[in-house]
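# Architecture at a glance
The lines below spell out each chain.
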Amino acid sequence: MKRQKSFENDRPTLYLVATPIGNLAEFSKRAIEVLESVAVIACEDTRTSRVLLERYAIKKRVVSYHNFNEEESARGLIALLEEGLDIALISDAGYPLISDPGYHLVNEVVAHDFNVVTISGPSAHLNALVASGLDTRHYLYYGFLSDKAAKAKRELADLCDFPYTLIFYEAPHRLKRTLEMAFAVLGKRKACIARELTKKHEEFIRGDLEEFLTLDDLKGEIVLLIEGKQELKPMIDEYMIFQMVSTYIEEGLSSKDAIKKVAEDTNINKNKVYENYLKAQAR
Ligand code: SAM
């Protein structure tokens, strides 16, 4: 077990700094201060990050940290921490490590007993979820489905029984494929496409997977959200109603109150409960 009291020790720190997902104004004062304070900023793509850094006049040494040089680059970054320097990791947009590189580095930094601290900001899946109109109480962030159609189909099939909102990132050129596959595997579920979040052409398309099959090609950056498997309400038949009313009567309620209580419990109209109760009694 390892405990990190982030601001009560003087160990060097790796800051994971979330960056804007479109609108560059969405960058916190704290994020700027941290990037100004570190020795080096590791970027997924130094050219992309330079736009943000220039906008906020952050003049720092940048190094590249991407999927193809993770191990080698992590070694260099650990060496900086060992020298007592703080460092930061940013990705092209949103949180590093969320469908972006950084997992290997964080593991190494933790293994070496340095601090890892998050600097908050946007992430496309959360921006999309809260405005989607779908259930936000529980959700599963899946990220990208596989490029390979057969594997993507299996991935969707594995998620089929999951009862919580599903969130995917998708490239525009693959959206049609994914929508067709999702309808075939998951059926006519409520869904939302959140496009170009925080940018000029931001759009939310809310509907269901069947309706989405009629959409023309969409451009830009896309989050696809699909409602989880809905629990089927058990069918309440007249016999069950009779049993429930009888139980309340046995417990001492008048038949009128028992019927009222069952109507409340089942969300079935009082007259219907009474009708069903009489029918079952007559059998
Ligand atoms: N790290 C990022 C995050 O925290 O959201 C995700 C990076 S992932 C490589 C890029 C994908 O995120 C895009 O293909 C798109 O699916 C989604 N995305 C990023 N920015 C977006 C935006 N402004 N609007 C909609 N989706 C976005």
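Along every chain, residues carry numbers that run from 1 in the direction the sequence is written. For this predicted model, a pLDDT threshold of at least 70 governs which residues receive local features, and a threshold of 80 or more governs which side-chain atom pairs are given and counted, while totals over whole chains, interfaces and linings are taken from all residues. Water and hydrogen atoms were dropped before computing side-chain values, which therefore reflect all heavy atoms in the structure.

### Notes on the packing of aromatic side chains
Our working definition: When two rings of Phe, Tyr or Trp (its six-membered ring) have centres within 6.5 Å they constitute a pair, described as stacked for plane angles under 30 degrees, edge-to-face for angles over 60, and tilted for the intermediate range. Here a strand is any run of E in DSSP of at least two residues, a helix any run of H or I of at least four, and the numbering for each starts at the N terminus. A 1.4 Å probe rolled over the protein chains alone gives each residue an accessible area, and that area as a share of the maximum for its type sets the label: buried under 20%, exposed over 50%, partly exposed in between.
Counted according to the given criterion, the structure contains six aromatic pairs. Ring centres of Tyr 141 and Tyr 169 lie 5.3 Å apart, and the angle between their planes is 70 degrees; on these two criteria the pair is classed as edge-to-face. Of the two residues, Tyr 141 sits in strand S6 (residues 139-144) while Tyr 169 sits in strand S7 (residues 165-170), which places them 28 residues apart along the sequence. Look at Phe 242 and Tyr 277: their rings are 5.4 Å apart centre to centre, the planes differ by 20 degrees, and that puts the pair in the stacked class. In this pair, Phe 242 is assigned in helix H9 (residues 238-250) and Tyr 277 in helix H11 (residues 270-282), connecting sequence segments 35 residues apart. Judged by relative accessible area, Tyr 277 falls into the buried class, the value being 10%.

### Some words on the sheet that holds strand S2 (residues 40-43)
By way of backbone hydrogen bonds, the strands of a sheet pair with one another, either parallel or antiparallel. Heads up, the condition is: We treat two strands as partners when DSSP finds at least two bridges between them. To get an axis, a line is fitted to the C-alpha atoms, and for a helix only the part in contact is used. The angle between two axes follows their N-to-C directions and goes from 0 to 180 degrees.
Read across the sheet, five strands follow the order S3-S2-S4-S1-S5 without closing on themselves; strand pairing throughout is parallel. Only two strands of the sheet have a single neighbouring strand rather than two, namely strand S3 (61-64) and strand S5 (115-119). Across the sheet, the mean angle from the axis of one strand to that of its neighbour is 25 degrees, orientation sign disregarded.

### Quick word on the site of the ligand
Applied cut-off: Each residue is tested against the molecule or strand, and it is near if at least one of its non-hydrogen atoms lies within 4 Å. A 3.5 Å cut-off defines polar contacts: any pair of N or O atoms within that distance qualifies, except that in protein one atom must be a possible hydrogen donor and the other a possible acceptor, and neighbouring residues in sequence count only when both atoms are side-chain atoms. Each accessible area is a Shrake-Rupley result for a 1.4 Å probe, and residues are judged covered by the shown protein chains and nothing else.
Close to the ligand lie 19 residues; Ile 21, Asp 100, Ser 123, Tyr 169 and Ile 222 are nearest. Ala 93 is positioned with one of its backbone polar atoms (N or O) 3.0 Å from a nitrogen atom of the ligand. In this structure, Tyr 169 approaches the ligand through a side-chain N or O atom, which is 2.6 Å from an oxygen atom. Protein contacts shield 90% of the accessible area of the ligand, which totals 570 Å² for the unbound molecule.

### With respect to the domain arrangement of the protein chain
Selection criterion: Segmentation into domains, and thus their bounds, comes from an automatic or database assignment.
By the assigned domains, the protein chain splits into domain 1 (13-122), domain 2 (125-226) and domain 3 (238-282). The straight-line distance from the C-alpha centre of domain 2 to that of domain 3 is 43 Å.

### Topic: the nonpolar core
Stated formally: In this text, buried Ala, Val, Leu, Ile, Met, Phe, Trp, Tyr and Cys residues form a nonpolar core when linked through side-chain atoms within 4.5 Å.
Core analysis: the biggest nonpolar cluster contains 20 residues, and Leu 156, Phe 168, Leu 179, Leu 186, Ile 193, Leu 209 and Ile 226 have the highest contact counts within it. Among the elements that line this core, the one with the most residues is helix H7 (residues 172-186), at five residues. Residues Ile 41, Cys 43, Ile 90 and Val 117 belong to the second largest nonpolar core, which totals 19 residues.

### Description of H7
Put simply, the test is: Residue count minus one, scaled by 1.5 Å, sets the expected span of a helix. Any pair of residues with heavy atoms lying within 4.5 Å of one another is described as a contacting pair.
With 15 residues, H7 extends 20 Å between its outermost C-alpha atoms, agreeing within 8% with the 21 Å of an ideal straight helix rising 1.5 Å per residue. For H7, the complete set of buried residues consists of Arg 174, Leu 175, Thr 178, Leu 179, Met 181, Ala 182 and Leu 186. Buried positions along H7 lie against S6, helix H6 (149-159), S7, strand S8 (190-195), helix H8 (209-212) and strand S10 (222-226).

### Digging into the sheet that holds S6
With respect to topology, five strands assemble into an open sheet ordered S6-S7-S10-S8-S9, the strand pairing being mixed. Single-partner strands in this sheet number two, and they are S6 and strand S9 (203-208). This sheet shows a mean twist of 15 degrees between the axes of neighbouring strands, independent of strand direction.

### Structural notes on the environment of Glu 108
Relative to the helices and strands, Glu 108 resides in helix H4 (residues 103-111). For the pair formed by Glu 108 and Leu 77, sequence separation is 31 residues and the distance between their alpha carbons is 9.8 Å.

### Observations regarding the environment of Ser 49
Mapped onto the elements, Ser 49 comes out in helix H2 (residues 46-55). Put simply, Ser 49 and Val 62 are 13 residues apart on the chain and 9.1 Å apart in space, counted from C-alpha to C-alpha.

### A word on H2
Selection criterion: What the arc describes is the spread of directions from the helix axis to the C-beta atoms.
Listing the buried residues of H2 in full gives Ser 49, Leu 52 and Leu 53. Projection of H2 onto a plane perpendicular to its axis shows the buried side chains occupying an angular sector of 100 degrees, all on one side. Along H2, exposed side chains directed more than 90 degrees from the buried face belong to Arg 47, Val 51 and Glu 54. Elements that come into contact with the buried residues of H2 comprise helix H1 (29-37), S2, S3 and strand S4 (87-90). Two or three places before Arg 47, at the start of H2, stands the capping residue Asp 45, its side-chain oxygen 2.9 Å from that residue's backbone nitrogen.

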